[in-house]
Amino acid sequence: MAVLDRVTDESAVGRRGTEPFYAASLSKVVVAVDVLDRRRSEGLTVTGADLVLFRRALGPSDDSAMNAIWSRFVARARPAG
């Protein structure tokens, strides 16, 4: 990971600064907030099993759990292109 000093425009790079990394964990939080907000504001049904998936997706960062949440709450909620 690299950090940019905006004053000097220099980068400070750690030992693994050139390695790519996935930013999917941030999107997991955004999806969770969206679904839980829709639950509160629109009465969206979120089951106990769904909450277990959220815990798995956000805790140990389980991608398969987030894929299931995405399929259930996001992919179906968006109109096709």
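In case you missed it, the structure is sitting above this.
Heads up: these notes are all about the structure in this document. Owing to the predicted nature of the structure, the values given are computational and were not obtained by experimental measurement.

Conventions adopted
Residues numbered from 1 in each chain as written. Predicted model: local features only at pLDDT ≥ 70, side-chain atom pairs only at ≥ 80, totals over all residues. Heavy atoms only, no water. Helix = DSSP H or I, 4+ residues; strand = E, 2+ residues; numbered from the N terminus. Contact = heavy atoms within 4.5 Å. Areas by Shrake-Rupley, 256 points an atom, 1.4 Å probe, with all protein chains shown as cover. Salt bridge = Lys/Arg side-chain N within 4 Å of Asp/Glu carboxyl O. Buried < 20%, exposed > 50% of the residue type's maximum accessible area, 1.4 Å probe, protein only. Core = buried A, V, L, I, M, F, W, Y, C linked by side-chain atoms within 4.5 Å.

### Section: the overall build of the protein
Next, step 1: Secondary structure summary: the protein contains three helices and two strands in total.
Next, step 2: Helices and strands in the protein line up, N terminus first, as β-β-α-α-α.
Next, step 3: Across the protein, contacts joining residues at least 24 apart in sequence account for 41% of those joining residues at least 6 apart.
Next, step 4: Summing over all exposed atoms, the protein offers an accessible surface of approximately 6400 Å²; the carbon and sulfur share of this is 57%.

### Quick look at the pattern of salt bridges
Next, step 1: The full count for this structure, using the stated rule, is five salt bridges.
Next, step 2: Residue lysine 28 is joined to aspartate 63 by a salt bridge in which the shortest nitrogen-to-oxygen separation is 2.6 Å. You can see lysine 28 sitting in helix H1 (residues 24-42) and its partner aspartate 63 sitting in helix H3 (residues 63-74), a full 35 residues away along the chain.
Next, step 3: By relative accessible area, lysine 28 is classed as buried at 3%.
Next, step 4: Since its relative accessible area comes to 46%, aspartate 63 is described here as partly exposed.

### As for the nonpolar core
Next, step 1: Ranked by size, the top nonpolar core spans 12 residues in total: Val31, Ala32, Val35, Val46, Leu53, Phe54, Ala57, Ala65, Met66, Ile69, Phe73 and Val74.
Next, step 2: Breaking this core down by element, the ones donating at least two residues are H1, helix H2 (48-58) and H3.
Next, step 3: In terms of residue count, H3 provides more of this core than any other element does, five residues in total.

### Here's the deal with unusual backbone geometry
Next, step 1: The phi torsion at aspartate 9 lies on the positive side, around 65 degrees, for a residue other than glycine.
Next, step 2: Tracing the backbone through its elements, the reader meets aspartate 9 in the loop between strand E1 (2-5) and strand E2 (10-13).
Next, step 3: The exposure class of aspartate 9 is exposed, given its relative accessible area of 61%.
Next, step 4: A positive phi angle, near 60 degrees, is found at serine 61, a position not held by glycine.
Next, step 5: The topology assignment puts serine 61 in the loop between H2 and H3.

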